[in-house]
Amino acid sequence: MKKLSYLSSLLLVPFAVTLTSCSTPSQNQDTAQTSSPEVVETKAESGDTDYLTSLGLMKGHLMVAQQLIEQGKYEEAEPHVGHPVEELYGTIESELNKRNVTDFKMTLNQFHDGIKTNPKSEQMKELYKNSMTAIDQAIAAVPTEKLQSPETVLPVINGLLSTANAEYQAAIANNKFVELIEYQDSMGFVAYAEELYQPITDTMSQQYPEKHEIITTSLEKLKTAWPSVNAPETPVMSPEKVDELVTKIQESSTLQ
């Protein structure tokens, strides 16, 4: 429940801001004409951020799940397969029809059922592939120019890293990993955040070279906190250092 509450706050805040700024039919026409384009743009941008962040969290979960499945650690993999459909799908479900994306809840459920009932089946590879393909198709509903734009991608990366940071902090007590799922969650979210950065690498290096250097260097350092999907006996990197690196990336993501 901790993670779901955190995600809910992450996703709901932008919509609250949008709703308070929308004009109503009772307002005078001049005000509506001048503010409406900005309101529409703000709503679209925040909607894309929330939508892509949820889908990114799904991918992070499944990336970790697949590593565990390959190791035969099916019980550990099961929660990571379940979270995309149980905790995250509801946050994007209403967006799918608006974006002409085919409902893929059944696809995620089939993968989850498979890991629970017959995890050693050869079909698991196909179920994983189907789930990742469905998520990628949902991501592709956002125009390519946005997916390759720092203005769109960086807020999503920040959302993924914020969640990863919170999970990593929650995974540790007395300098030991006490919550393995949170350790693995945070690993998956950081891994996908780095993957998400790749399409904007050229733009960032050309237009914002100093920020790009900080982001890429910090991401490289951050990844070392997770030497394996199997948590080490004691943390390789302190929670304070993880927080410091995440903050550094987020501060460098401000392009104004």
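The structure we're discussing is the one just above.
Being a predicted model, the structure only gives us computed values, none of them experimental. (Residues numbered from 1 in each chain as written. Predicted model: local features only at pLDDT ≥ 70, side-chain atom pairs only at ≥ 80, totals over all residues. Heavy atoms only, no water.)

Turning to the overall build of the protein chain, a few remarks are in order. Counting secondary structure elements, the protein chain contains 11 helices and two strands. The helix and strand sequence of the protein chain, counted from the amino end, reads α-α-α-α-α-α-α-β-β-α-α-α-α. Sorting the 256 residues of the protein chain into buried and exposed places 45% on the buried side. Just so you have it, the protein chain exposes about 13000 Å², and 51% of that area is on carbon and sulfur atoms. (Helix = DSSP H or I, 4+ residues; strand = E, 2+ residues; numbered from the N terminus. Buried < 20%, exposed > 50% of the residue type's maximum accessible area, 1.4 Å probe, protein only. Areas by Shrake-Rupley, 256 points an atom, 1.4 Å probe, with all protein chains shown as cover.)

Among the nonpolar cores identified, the biggest contains 66 residues, and Tyr-51, Leu-55, Met-58, Phe-104 and Leu-222 are the most heavily contacted of them. Those elements that provide at least two residues to this core are helix 2 (29-70), helix 3 (74-98), helix 4 (105-117), helix 5 (123-139), helix 7 (150-171), helix 8 (180-197), helix 10 (209-223) and helix 11 (239-252). In terms of residue count, helix 2 provides more of this core than any other element does, 11 residues in total. Apart from residues no more than four positions distant in its own chain, Leu-222 is found in contact with Leu-161, Val-190, Met-237, Val-242, Leu-245, Val-246 and Ile-249. (Core = buried A, V, L, I, M, F, W, Y, C linked by side-chain atoms within 4.5 Å. Contact = heavy atoms within 4.5 Å.)

Turning our eyes to something else, we now look at the packing of helix 7 against helix 8. With their axes 8 Å apart at the nearest point, helix 7 and helix 8 run at an angle of 160° to one another. Put simply, helix 7 runs roughly antiparallel to helix 8. Here helix 7 runs over helix 8; the crossing is left-handed. The segment helix 7 lies against helix 8, with Val-153, Leu-154, Val-156, Ile-157, Leu-160, Leu-161, Thr-163, Ala-164, Glu-167, Tyr-168, Ala-170 and Ala-171 engaging Glu-182, Tyr-183, Asp-185, Ser-186, Phe-189, Val-190, Tyr-192, Ala-193, Leu-196 and Tyr-197. Residues of the contact of helix 7 with helix 8, tallied by class, amount to 17 nonpolar, two polar and three charged. (Axes fitted to C-alpha atoms, helices over the stretch in contact; angles between N-to-C directions. Parallel < 35°, antiparallel > 145°, perpendicular 65-115°, else oblique. Left-handed = near helix turned anticlockwise from the far one by under 90°. Nonpolar A, V, L, I, M, F, W, Y, C, P; charged D, E, K, R; others polar.)

The final tally for this structure, using the stated rule, is 11 salt bridges. The partner of Asp-136 in a salt bridge is Lys-59, and the shortest N-O contact between them spans 2.6 Å. On the criterion of sequence distance, the pair formed by Asp-136 in helix 5 and Lys-59 in helix 2 is long-range, its members being 77 residues apart. Residue classification places Asp-136 among the partly exposed positions, given a relative accessible area of 34%. Among the charged side chains, a salt-bridge network with shared partners connects Asp-48, Glu-95, Lys-98, Arg-99 and Lys-146. (Salt bridge = Lys/Arg side-chain N within 4 Å of Asp/Glu carboxyl O.)

Our focus in this paragraph is the packing of aromatic side chains. For the structure on display, the rule yields five aromatic pairs. When the ring of Tyr-168 is compared with that of Trp-226, the centres are 5.3 Å apart and the planes differ by 70°; the resulting orientation is edge-to-face. One end of the pair, Tyr-168, is in helix 7; the other, Trp-226, is in the loop between helix 10 and helix 11, with 58 residues separating them in the sequence. Considered together, Tyr-168 and Trp-226 belong to a single accessibility category, that of buried residues. Across from the ring centre of Tyr-51, 4.1 Å away, lies the NZ or CZ of Arg-99, which sits over that ring. (Phe/Tyr/Trp six-rings, centres within 6.5 Å; stacked < 30°, edge-to-face > 60°. Lys NZ or Arg CZ within 6 Å of the ring centre and 35° of its normal.)

Our focus in this paragraph is helix 4. Side chains that are three or four residues apart share a direction in an α-helix, a result of its 3.6 residues per turn. With 13 residues, helix 4 should cover 18 Å at 1.5 Å per step; its first-to-last C-alpha distance of 18 Å lies within 8% of that length. When helix 4 is considered as a whole, its buried residues turn out to be Leu-108, Phe-111, His-112, Gly-114 and Ile-115. For helix 4, the buried positions fall inside an angular range of 155° around the axis, keeping them on one side. More than 90 degrees from the buried face of helix 4, the exposed residues found are Met-106 and Thr-117. (Expected span 1.5 Å × (residues − 1). Arc of directions from axis to C-beta.)

Turning to the environment of Pro-84, a few remarks are in order. With respect to the helices and strands, the residue Pro-84 is situated in helix 3. On a C-alpha basis, the gap between Pro-84 and Gly-56 in space is 9.9 Å, while along the polypeptide they are 28 residues apart. Once residues within four sequence positions are removed from consideration, Pro-84 is found in contact with Met-58, His-61, Leu-62, Tyr-89 and Leu-108.

A few words now on helix 11. Over its 14 residues, helix 11 extends 20 Å from the first C-alpha to the last, a length consistent with the 20 Å expected when each residue adds 1.5 Å. Taken residue by residue, helix 11 has Pro-239, Val-242, Leu-245, Val-246, Ile-249 and Ser-252 as its buried positions. Taken end-on, helix 11 shows its buried residues confined to a sector of 165°, consistent with a single buried face. For helix 11, exposure combined with an orientation more than 90 degrees from the buried face picks out Glu-240 and Glu-251. Where helix 11 is buried, its residues meet helix 7, strand 1 (172-173) and helix 10.

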